[in-house]
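# Notes for the structure review
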Amino acid sequence: MNEQLVSMITQLVMEKMGNNASEKSSHDTAVPTENQKETLIKFHNTVTNANDADLVVSPSTTEQSNEPLIKLYHAEPSNHEQSYYSASNDESTYTSVPITEFKFEEDEVSESVQAAKKHTPARIGVGRAGTRPKTKTWLKFRLDHAAAVDAVYGEVTEGLLQKLDVFQVTTRVTDKEEYITRPDLGRRLSDEAKALIQSKCKKNPKVQVIISNGLSASAIEENVQDVYLALQQSLSNLNIEIGTTFYIDKGRVALMDEIGELLQAEVIVYLIGERPGLVSAESMSAYICYQPRIGTVEADRMVISNIHKGGIPPLEAGAYLGTVVQKILHYKASGVGLVAKEG
Ligand code: B12
């Protein structure tokens, strides 16, 4: 069907619906029988020139050759007051589709949903417009999705690395696409990285802190300064020494095993950007492990996740991390091993 015809149909249907709405009080959608229908408008496939207004509307026609493409009916008010249209390219079989008056869903949500909304930033009780999300909801979704994409594809700035006073190394990943599709390459250091780490870092550190953009550069930009500062202070108060902190571009969590092996670190604290969701793209995690080495099992790792302004506040997380490290050093275990030893 051509675009102009569609637009005219839309216009006419809308005008008709407006008239019906003012004339009527109820909107039953039951489809009346053929003889109850009063044809209001018929649209014919005879438009050769869109400027010929009379080609579009024909109040009645019986000739087979003039059979309309679309008919707009108005039911008799006797039993059911209703409006519906019938549309088909197949002249022999009309399919009748009920129309209800378009109505915006009200913003009010039930008390239980309102109560639930106070406890979650999830998109609940946001209403809808017909079968679709409201414009506001949809735009917010698009914005959050764009923020998630930016977080994954973004980079941590040089300025931040300078402020943190850290040097930078790379993994075996070459670009973002490869980072996403080959997690195994993000778990291994490049040869240059190994050499740099060995030449610059203190060996056998009690605590080795490492930082990586991981799956969210925004998470590092937003939180790492506060977390790192609080962690340094917390460990210093507990008389626990930190090694030489560095930054890894495009690292994965299990990369800590190779670094632990290389530096013979007792504990590694790994600050890394979490995979962004559609609520926050700025959430950072701290993964911690006692003596991570090549072959360490996942159960020996621990994580403090959801570090961001809407989750665990960064300063609080950093301070708490210090106490977790202290416990790990005390029990010489992390993860499931720590739980078992702690009893
Ligand atoms: C993706 C994900 C997974 C994926 C990881 C697969 C992959 N390769 O990406 C799968 C489905 C396997 C998974 C499994 C589990 N997960 Co998970 N996971 C996440 C999620 C959504 C993102 C993590 C992320 O972005 N990591 C950073 C990237 C760069 O890491 P990565 O190297 O690509 O992947 C590693 C990490 O994701 C890590 N990991 C993932 N989950 C967990 C959980 C724990 C306890 C640990 C130590 C490590 C870990 O394992 C991956 C492989 O090394 C987080 C939610 C969040 N807000 O962070 C939950 C989350 C970290 N997972 C959680 C849990 C509970 C688990 C499971 C224990 C569930 C279960 N009962 O089996 C397991 C444990 C897996 C493990 N490695 O030990 C919880 C941790 C809660 C806590 N504070 O302890 C979180 C926070 C979700 C939540 N809100 O409940 N997870």
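All values reported here derive from a predicted model rather than from experimental measurement. (Residues numbered from 1 in each chain as written. Predicted model: local features only at pLDDT ≥ 70, side-chain atom pairs only at ≥ 80, totals over all residues.)

On to unusual backbone geometry. Backbone geometry places aspartate 165, a non-glycine residue, at a positive phi of 60 degrees. On the secondary structure map, aspartate 165 appears in the loop between α4 (158–164) and β5 (167–170). Since 7 C-beta atoms lie within 10 Å of it, aspartate 165 is described here as exposed. (Helix = DSSP H or I, 4+ residues; strand = E, 2+ residues; numbered from the N terminus. Buried ≥ 20, exposed ≤ 12 C-beta atoms within 10 Å, placed from the backbone.)

Around the ligand lies a shell of 17 residues, among which Gly214, Arg252, Val253, Arg275 and Glu298 are the nearest. A per-element tally of the shell around the ligand places strand β10 (residues 301–307) first, with five residues. (Near = placed C-beta within 6 Å.)

Here we take up the UniProt feature "binding site: adenosylcob(III)alamin" (unreviewed entry) in the chain. UniProt tags Val253 and Glu274 as "binding site: adenosylcob(III)alamin" (unreviewed entry). A compact arrangement is adopted by the annotated residues: their sequence extent is 22 residues, whereas the largest C-alpha distance between any two is 10.1 Å. With respect to the helices and strands, the residue valine 253 is situated in the loop between β7 (246–249) and α8 (255–263). With 20 C-beta atoms counted inside 10 Å, the residue valine 253 sits in the buried group. Contact partners of valine 253, with chain neighbours within four places excluded, come to Tyr270, Ile272 and Tyr287. Within the fold, glutamate 274 resides in the loop between β8 (267–273) and β9 (284–290). The exposure class of glutamate 274 is buried, given the 22 C-beta atoms found within 10 Å. (UniProt positions renumbered as here; feature names shortened; annotations may be inferred. Contact = placed C-beta atoms within 7 Å.)

It is worth spelling out the sheet that holds β9 at this point. If you walk across this open sheet you meet the six strands as β5-β7-β6-β8-β9-β10, and the pairing is mixed. Both outer strands of the open sheet, β5 and β10, are each paired with one neighbouring strand and no more. The sheet shows a mean angle of 25 degrees between the axes of neighbouring strands, direction not considered. Against the sheet, helix α6 (residues 191–200) engages β5 and β7, with an angle of about 150 degrees to β5. (Pairing = 2+ DSSP bridges. Axes fitted to C-alpha atoms, helices over the stretch in contact; angles between N-to-C directions.)

Further remarks concern the packing of α6 against α8. A packed helix pair is summarised by two numbers, namely the angle formed by the two axes and the spacing between the axes. The N-to-C vectors of α6 and α8 enclose an angle of 45 degrees; their axes lie 10 Å apart at closest approach. Here α6 is positioned oblique relative to α8, judged by the angle of their axes. At the point where α6 passes α8, the crossing takes the right-handed sense. The segment α6 lies against α8, with Lys194, Ile197 and Gln198 engaging Ile259, Leu262 and Leu263. Taken together, the residues of the contact of α6 with α8 sort by class into four nonpolar, one polar and one charged. (Parallel < 35°, antiparallel > 145°, perpendicular 65-115°, else oblique. Left-handed = near helix turned anticlockwise from the far one by under 90°. Nonpolar A, V, L, I, M, F, W, Y, C, P; charged D, E, K, R; others polar.)

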